[in-house]
Protein chains: 2
Amino acid sequence: MSDAREEPGGLELTPAERRELLDVLSSFALARLEHLAREPAVGEVGAAGNRIAAEVSTPIPEAPLPGGPARIVALLARATEASLNPAGPGYLAYVPGGGLYASAVADFVAGTLNRFTGQSSAAPALSRLEADVLAWLAAAFGYGPAARGVFTSGGSLANFAAIVAARHARFGDSGDLRRAIAYVGGQSHHSVTKALRLAGVPSRNVRVIDVDDAFRMIPGALASRIAEDRAAGGEPFLVVAAAGTTNTGAVDPLPALAELSARERLWLHVDGAYGGAFVLCEEGRRALVGIERADSITLDPHKGLFLPYGTGCLLARDGEALRRAHHVGADYLQDFDALDRDGEPPNPAEYGPELSRDFRGLRLWLPLMLHGAGAFRRALAEKLALAQQACAGVERLIAQGAPLELVARPQLSTIAFRLARAPGEAADAWRRRNEALLARIVARRRVFLSSTLLRSADGPAFTLRVCVLSFRTHARAIETFLEDLAAAL
Amino acid sequence: MSDAREEPGGLELTPAERRELLDVLSSFALARLEHLAREPAVGEVGAAGNRIAAEVSTPIPEAPLPGGPARIVALLARATEASLNPAGPGYLAYVPGGGLYASAVADFVAGTLNRFTGQSSAAPALSRLEADVLAWLAAAFGYGPAARGVFTSGGSLANFAAIVAARHARFGDSGDLRRAIAYVGGQSHHSVTKALRLAGVPSRNVRVIDVDDAFRMIPGALASRIAEDRAAGGEPFLVVAAAGTTNTGAVDPLPALAELSARERLWLHVDGAYGGAFVLCEEGRRALVGIERADSITLDPHKGLFLPYGTGCLLARDGEALRRAHHVGADYLQDFDALDRDGEPPNPAEYGPELSRDFRGLRLWLPLMLHGAGAFRRALAEKLALAQQACAGVERLIAQGAPLELVARPQLSTIAFRLARAPGEAADAWRRRNEALLARIVARRRVFLSSTLLRSADGPAFTLRVCVLSFRTHARAIETFLEDLAAAL
């Protein structure tokens, strides 16, 4: 029914043009993947990157850019040089990315089909595939059939939706949020603080609870603080525990926190954006025991399930609590309500903050079908082993006399270490020595690490981190890290 | 540096496997596009769709699904049959989708490269391409250089981020939200109400302002309500106007609302999720005059800029107000702060709720480069003309004696109409006649419309809508709609 031939200058491409566009762009992208292992672990950022940014910046043209797809690829190729490379095997910084190729293909298919999956009624069978993945994840965490989940764009919005559900469960629509008190560990991710702010919880009401020597929230400290707050007329409602902090991969003591939260009638949310997916392997499940008692859990498939960026996930033990906080109806959606909805999958819009959104489920469903869940379990177990390998290597260097201190041993797949402070050394000088160490390691561009601040006798101190999470990182990358660390020393 | 050969059962594909996966999946997706014009405008939903959902539902396998990519395609093809078809030319329901093919290719490239664009420091040149698109959009709306924007997953989160900015500007971190009062038009999208709820504004504080005969918010009614609320001790802080309501495409009187909001020191947010993009064509710009005075504007590139689902946009006239509400720092991001950031593009994480997220800018940048902005302007002008064509056709039917009433003439690209109520007809009977009319039109599966409730002498009444927004919808689709409407009568 569309006009058989588009007018020139229209937005529809001919079949030949579609094929050419995909050929040119996919050749570029596939070549990048084939060269990934030979590429530097980090491209140009900072001043050099900003110069490249100025170079590729192109005014939005009124007519098609001369040169077409080939010119577009040239700009993209140049722009990509100015970036960190989370896709590569040597990326051990922040929380690594990787990016399963099958997910990228899934995104292409989802965008081309462009079905509406924000309401499951509009595409019940595609929504079912997504719901199957969510149900499988919920079961992996030990949740029962009342659980529901929703894919978000990332951990920030998953944490946010959990906080909204917790807030709604306690304060309803119109409680006094100035009395609402939330508890987070001293090592929690800033997206939790940010999500609390977005949800209208005053920053002064966010209690940061002390952590122990292994960077885990101390339940006794939490209990005391709750008692103090109640005595002062506050209304505690939420504990956010970490299943893998960003700094060190620390897992808060989930059984004790679950016990305490139940006793105090607080919503327990577990932020497992980085670490939650480890529940899929045996060793990880042991590290995360107790997580099944959480009211809600964040995990980021674009971290621990190796997807390209763009997919977080929130699971709630009681799906209805999530729905009560997020469901709003509308007249112009009445046709959906008139359908026979028996057997329909849960409706994403009712369990999270979005309505229209991309078909995220496909980018996890497709790799699970293609590779099987076992491949994910094995890769996750390997990441835990690689962190042990990195830790053992650093300990070996220390035993050989390297002036390092191990600040955090792996609880999941992260370690933290730094040059030990020299006797009498000024804090600034100490920091500069560690900054220089990091700079020397990274300058070889074979591996890429990042830093954070972790406690010392003299307050938070500059500390290097190694986080292993890419499916492309194997033993060779850890050996390279240890070589480059030794050389930098 | 990655191990040269992956162990069997790993998550990395060989180059040949990558090529095969793309070939099989893209052949499926491209064939769907080629057959789009011959496909029914709507597939199986409701009970039939849910049966297909049960049929395709596949337990997550431990090993790769037998049959590989071909089996995956077979499941997807079957699942896709059970869906509305927003990609097709006959989709005139809700707000149509379309879905530019170049964006789907961009998603494939972005996912394969998997660069981190949540922090511009991590990929300054790729972030620059995104920032260029945002700056171009801001200028198109008449905003100056202090404006900033952010791409979200859709309009819901763009509206939410605007509301958070408005709330923060008035109440800071810890004001009393029980006094916070927001004003929305009687035809506003439910995502606005939902976003207010998510942001902690009590539902009872959301004032729904009367609309005039053309479904536009009445400034005088708003002014009176503000005065009442102030007198009662409330704290008005926000007006949300619509630039194209979902029901009828009504554009609230933006100049008068801007005037009033400025006088009352209220944040004026314009929800242009559906209609905002029309600012890019001359006729649309005239319809949206005054929008440049809004404090913030939502538009959905996955609606008015024809992208596949997954991209909304928020623009703020004073970018700093957006940043003050959304920026939070973290120790583990300190390496970014140490970079030379001179010339760096604005940092997305500081202007919206997310940190990690997909590289959304590419899916708009690439089509703009490929087609040129002129192609978008022409397509938008065409949609406005098509709605006029649909309206004229309905009026012609009425002139010929069809028992219809036109409920909303096009302010943008939407019309609303229904069977006129027969003298003495019961409300239920009237509703059933209109439901049946819609069912008969849709049953031909050449065009797909949806319904809503719009006022009548006897309260909200079932009304049919035609919304034209897909780049694939041309004059032939409107003629088909008119034929099928005539036949259904």
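So, here is what we can say about the structure in this document.

Rules of the game
- Residues numbered from 1 in each chain as written.
- Chains lettered and ligands numbered in written order.
- Predicted model: local features only at pLDDT ≥ 70, side-chain atom pairs only at ≥ 80, totals over all residues.
- Heavy atoms only, no water.
- Phe/Tyr/Trp six-rings, centres within 6.5 Å; stacked < 30°, edge-to-face > 60°.
- Helix = DSSP H or I, 4+ residues; strand = E, 2+ residues; numbered from the N terminus.
- Buried < 20%, exposed > 50% of the residue type's maximum accessible area, 1.4 Å probe, protein only.
- Pairing = 2+ DSSP bridges.
- Axes fitted to C-alpha atoms, helices over the stretch in contact; angles between N-to-C directions.
- Contact = heavy atoms within 4.5 Å.
- Core = buried A, V, L, I, M, F, W, Y, C linked by side-chain atoms within 4.5 Å.
- Least-squares fit on C-alpha atoms with pLDDT ≥ 70 in both.

1. Regarding the packing of aromatic side chains
Then step 1. In total, this model carries 21 aromatic pairs over all chains according to the counting rule given.
Then step 2. Among the aromatic residues, those joined into a cluster by ring pairs are A:Tyr91, A:Tyr94, A:Phe448 and B:Phe336.

2. Brief notes about unusual backbone geometry
Then step 1. A positive phi angle is found at A:Phe215, which is not glycine, with a value near 65 degrees.
Then step 2. Looking at where A:Phe215 falls in the secondary structure, it is placed in the loop between β3 (206–209) and α8 (219–231).
Then step 3. We classify A:Phe215 as buried; its relative accessible area is 4%.
Then step 4. For B:Tyr94, which is not a glycine, the phi torsion comes out positive at approximately 40 degrees.
Then step 5. Following the sequence through the fold, B:Tyr94 ends up in the loop between α3 (68–81) and α4 (101–113).
Then step 6. On the basis of relative accessibility, which here comes to 10%, the residue B:Tyr94 falls in the buried class.

3. With respect to the sheet that holds strand β9 (residues 414–419) of chain A
Residues and elements named next belong to chain A.
Then step 1. Taken in spatial order, the four strands line up as β8-β9-β11-β10 in an open sheet, and their pairing is antiparallel. Lying at the two open borders of the sheet, with one neighbouring strand each, are β8 (404–408) and β10 (450–456). Looking at each pair of strands side by side, their axes are set apart by 40 degrees on average, direction ignored.
Then step 2. The pairing of β9 with strand β11 (residues 459–467) spans four bridges and is classified as antiparallel. Residue Ala416 lies in a different strand from β11, and its bridge partner there is Arg465.
Then step 3. Its contacts with the sheet put helix α15 (residues 427–443) on β8, β9, β10 and β11, and the angle it makes with β11 is roughly 15 degrees.

4. A few points about the nonpolar core
For soluble globular proteins, nonpolar side chains are generally found buried alongside one another.
Then step 1. A:Leu76, A:Leu137, A:Trp365, B:Leu76, B:Leu137 and B:Trp365 are the most contacted members of the largest nonpolar core, which has 197 residues in total.
Then step 2. Among the nonpolar cores identified, the runner-up in size contains 64 residues, and A:Ala158, A:Phe237, B:Ala165 and B:Phe171 belong to it.

5. Some details on the relation of the copies chain A and chain B
Then step 1. The transform that puts chain A on chain B rotates by 180 degrees and translates by 0.0 Å along the axis, for an RMSD of 0.0 Å. The transformation just described matches what one would write down for a two-fold rotation axis.
Then step 2. Mapped onto chain B, 100% of the interface residues of chain A are again interface residues, and the two copies thus contact each other with one and the same surface.

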